[in-house]
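Read off the chains here:
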Amino acid sequence: MAPTFDSAVIDSALDELTAGEKTWSDTGLARRRELLDRAHALTAEHAEAWVAAARTVKKLDPASPLVGEEWMSGPMTLLAGLAALSESVSALEHGRSPIAGVRLGTAPGGRVTVPALPHGVYDKLLLNGFSADVWLRPGVDAATARRKAGLAQLDPAATGGVGAVLGAGNIMSIAPLDTLYELYANNRVVALKLNPITDPLLPVFEAIFAPFIDLGVVRILTGGAEEGGYLVRHPKVAHVHMTGGAPTHDAIVWGPGEEGARRKAEGTPLLDKPITSELGGVAPCIVLPGDWSAADLKFQAEHVATQRLHNGGYNCVAAQTVVLPADWPQKQDFLAALRTAVDEAPARIAYYPGSDQRVAAAVGSYPGSERSGGRVLVENLPATDTALLRTEYFSPVLGVVELPGTGTEYLDRAVDFANDELMGTLGANIIAHPRTLKELGAAFDAAVERLRYGTVAINAWTGVAFLTPRASWGAFPGHTLDDIQSGVGVVHNAFLLDDVERTVVRGPFRPAPRSILTGEFTLSPKPPWFVSNKTATATGRKLTEFYGDGKPTRLAGIFASALRG
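Everything numeric here is computed off the predicted structure, so don't read it as measured data.

Asks: Give me the environment of Ala283: which residues, what numbers.
Replies: Residue position: Ala283 is located in strand β9 (residues 283–287). Under the relative-accessibility criterion, Ala283 is labelled buried at 4%. Residues in contact with Ala283, not counting those within four places in the same chain, are Val317, Ala318, Ala319, Gln320, Thr321 and Gly427.

Asks: Explain the pattern of salt bridges to me, and be specific about the residues and the numbers.
Replies: What the rule picks out here adds up to 34 salt bridges. Residues Lys264 and Asp250 are paired through a salt bridge, measuring 2.9 Å at the closest nitrogen-oxygen approach. With a gap of 14 residues between them, Lys264 in helix α12 (residues 257–266) and Asp250 in helix α11 (residues 246–253) connect regions that are remote in the sequence. Its relative accessible area of 31% is what places Lys264 among the partly exposed residues. By relative accessible area, Asp250 is classed as buried at 17%. Linked through salt bridges whose partners overlap, the residues forming this network are Arg111, Glu449, Glu501 and Arg502.

Asks: Describe helix α22 (residues 536–549), naming the residues involved and giving the relevant values.
Replies: Taking 1.5 Å of rise per residue, the 14 residues of α22 would be expected to cover 20 Å, and the 20 Å separating its terminal C-alpha atoms lies within 8% of that figure. Within the span of α22, buried status applies to Ala536, Thr537, Thr539, Gly540, Leu543, Thr544 and Phe546. The inward-facing, buried residues of α22 contact α3 (47–57), α4 (67–93), α5 (121–126) and α23 (555–563). Immediately downstream of α22, the backbone of Gly550 shows phi near 65°, a positive value.

Asks: Describe the sheet that holds strand β2 (residues 111–117), listing the residues and the values that go with them.
Replies: Here we have ten strands laid out as an open sheet, ordered β1-β2-β3-β18-β14-β13-β9-β10-β12-β11, and mixed in their pairing. Two strands in the sheet have a free side with no partner beyond their single neighbour: β1 (105–107) and β11 (376–381). Sheet twist, expressed as the mean angle between neighbouring strand axes with direction ignored, is 25°. As paired strands, β11 and strand β12 (residues 397–403) are joined by four bridges and run parallel to one another. Bridging across to β12, Val378 finds its partner in Gly399. Strand contacts of helix α13 (residues 294–309): β9, β10 (319–325), β12 and β13 (427–431), with the helix running at about 170° to β13, the strand carrying the most contacts.

Asks: Give a description of the sheet that holds strand β16 (residues 487–488) that names residues and reports values.
Replies: Read from one edge of the open sheet, six strands run β6-β5-β4-β7-β8-β16, paired in mixed fashion. Looking along the sheet, the strands with just one partner apiece sit at the ends: β6 (218–221) and β16. In this sheet, strand β8 (residues 275–279) lies alongside strand β7 (residues 239–244) in parallel orientation, the contact comprising five bridges. Among the inter-strand pairings, Val240 is bridged to a residue of β8, identified as Ile275. The strands touched by helix α7 (residues 174–184) within the sheet are β4 (162–166), β5 (189–193), β6 and β7, with β5 carrying the most contacts at an inclination of about 160°.

Asks: Pulling in residues and values, what's your account of the side chain of His40?
Replies: With respect to the helices and strands, the residue His40 is situated in helix α2 (residues 29–45). Its relative accessible area of 14% is what places His40 among the buried residues. Those residues in contact with His40 that lie beyond four places of it in its chain are Leu79, Leu82, Ala83, Tyr547 and Gly548.

Asks: Summarise the pairing of β5; cite the residues concerned and give the values.
Replies: With five of five residues buried, β5 is to be regarded as a mostly interior element. Where burial is concerned, the two faces of β5 agree: the one with Val189, Ala191 and Lys193 and the one with Val190 and Leu192 are both buried. Inspection of the sheet shows β4 paired to β5 by five bridges, in the parallel sense. Residue pairing in the sheet places Ala164 in a bridge with Ala191 of β5. The handedness of the β4 to β5 crossover, carried by α7, is right-handed. Here β5 pairs with β6 via four bridges, running parallel. In the sheet register, Lys193 faces β6, and the bridge partner there is Leu221.

Asks: For the nonpolar core, give the residues involved together with the corresponding values.
Replies: Formed by 102 residues in total, the largest nonpolar core has its most connected members in Tyr184 and Phe212. Here this core takes seven residues from α7, the largest share from any one element. With residues near it in sequence (within four places) discarded, Phe212 still touches Trp24, Leu35, Leu36, Ala39, Leu180, Leu183, Tyr184, Val217 and Val218. Listed in part, the 40 residues of the second largest apolar core include Val378, Ala414, Leu437 and Ala447.

Asks: Explain unusual backbone geometry to me, using residue names and the numbers behind them.
Replies: The omega torsion across Leu117 and Pro118 is 0°, close enough to zero to call that bond cis. The residue Leu496 is not glycine, and still its phi comes out positive at about 60°. Tracing the backbone through its elements, the reader meets Leu496 in the loop between β17 (490–492) and β18 (500–506).

Asks: Pulling in residues and values, what's your account of the pairing of β10?
Replies: For β10, a buried count of seven out of seven residues is recorded, marking the element as mostly surrounded by other parts of the structure. Once the chain exits β9 it traverses α13 before rejoining the sheet at β10, and the crossover so formed is right-handed. Examined bridge by bridge, β10 and β12 share five bridges and lie parallel to one another. Opposite Pro325, over in β12, you have Leu403 as the bridge partner.

Asks: Can you tell me about α23, naming the residues and giving the values?
Replies: Within α23 the residues assigned to the buried category are Leu555, Ile558, Ser561 and Ala562. Taken down its axis, α23 places every buried residue within 130° of arc, on the same side. Within α23, the exposed residues directed more than 90 degrees away from the buried face are Ala556 and Leu563. Buried-residue contacts for α23 involve α5 and α22.

Each value, and the rule that gives it
- Residues numbered from 1 in each chain as written.
- Predicted model: local features only at pLDDT ≥ 70, side-chain atom pairs only at ≥ 80, totals over all residues.
- Heavy atoms only, no water.
- Helix = DSSP H or I, 4+ residues; strand = E, 2+ residues; numbered from the N terminus.
- Buried < 20%, exposed > 50% of the residue type's maximum accessible area, 1.4 Å probe, protein only.
- Contact = heavy atoms within 4.5 Å.
- Salt bridge = Lys/Arg side-chain N within 4 Å of Asp/Glu carboxyl O.
- Expected span 1.5 Å × (residues − 1).
- Pairing = 2+ DSSP bridges.
- Axes fitted to C-alpha atoms, helices over the stretch in contact; angles between N-to-C directions.
- Right-handed = clockwise from strand over helix to strand, strands pointing away.
- Core = buried A, V, L, I, M, F, W, Y, C linked by side-chain atoms within 4.5 Å.
- Arc of directions from axis to C-beta.

Okay, structure coming up:
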């Protein structure tokens, strides 16, 4: 059946990219680095327009501190990614591994780890107390890691055809970052189809990618599901990458409805080409019992609320299930603080399509769970066989499960629950008092190793890994087309590492200055991505400006704004 849209637009773009593949093959590393640097300058130039368009999409008041999310998860993240990727390409250009000179570490199971954060003095200043390590798969040694770092840029002339990228509609830097990963990690020219939600950013993205568009190696397309389906099944597309949910993935791979279910059961996919994906899931936040102060309870409740309510809850890695120790003497105090944090988070309009229906479905499944501002907090969830553990609501819905036990017994139960009962493996969060971590010792390290998640964050939100350009981002390895969970493959990964297993992030349990007074030596105040941060917009803008030009004179203003948050 003939398409109801103008397929000639897609046909023409793919013809141009097919010709552009030869140009990309002939483009050396020096020129490829220059293209990244030019895109970096253009991102800085158009950052204001980017945020204005994103603010319109998400119906945010210009004066709201929530606009800070758009600065930080938008142009700031892309600026960091472009700079990190340029550094890796520069190393390859000069005959070095992107991780030459990087001190590698080890993790349980004999794994090699690559430090992604901090990387340089400014990371140590701006994200003091935070760290991120990429864990490579078991059996990969340090020499192999250094030799294979660079991926497809180790042989830039060996291109991989045309890659189709189906952009996300929630976080505005995802589509451009995925496009860069296709270009550099996989050496494919790219047809990027925007999610219709992000169409207002088309002029910004066209301006930022102008150097690549002019070269003939990127084309940006718009349209809905029909255009997307035509694009991914086009014979001139060699590979597909998508960001979204498992149902959308299955509709693309197997087809919709009963026919799709039949194909899946038979193992006969409709899509006849490789596909990678970054999908969501039901991310846990595991709270370990300890002796917390009132300030600790309040801060960590705001932390958990942020993990769910950042971007309105429309994040693939938004925490959806809080795991609490049933026998913790401070459990009720924490729950009271969490209710307050959820209720007092800034109000926002539900901009993402279908959100109201998903919230209504959650309320229908769990009557009496409504909170203020259209949010849902379900307490006393059963620990198995209930909708909230199996359904990615992609909306402001948060559940609480209580598990028995103390010490390592509780920790082991929590890890088993996260691995076995929750859908998806994109990210898991753990919150624990420093004294608790010290007491658990090697048992805690073993628990982190056992968690089957692409990112594990300890006293931090997994979203920090998304913001960290040299960290990997994606599901835990091992999913298959017929059991896709949170997807296949990784993105970001600006070191261009091969054999990635996961990223492990660590952060401070307390913010400064309280952290210093209690013996935890970190200078980081309340993070600007917290939904309760009052100066997030000003701080986000200042950070973006710094990532744009790197002027040290901007640091004082960043710190002053951050401390007022």
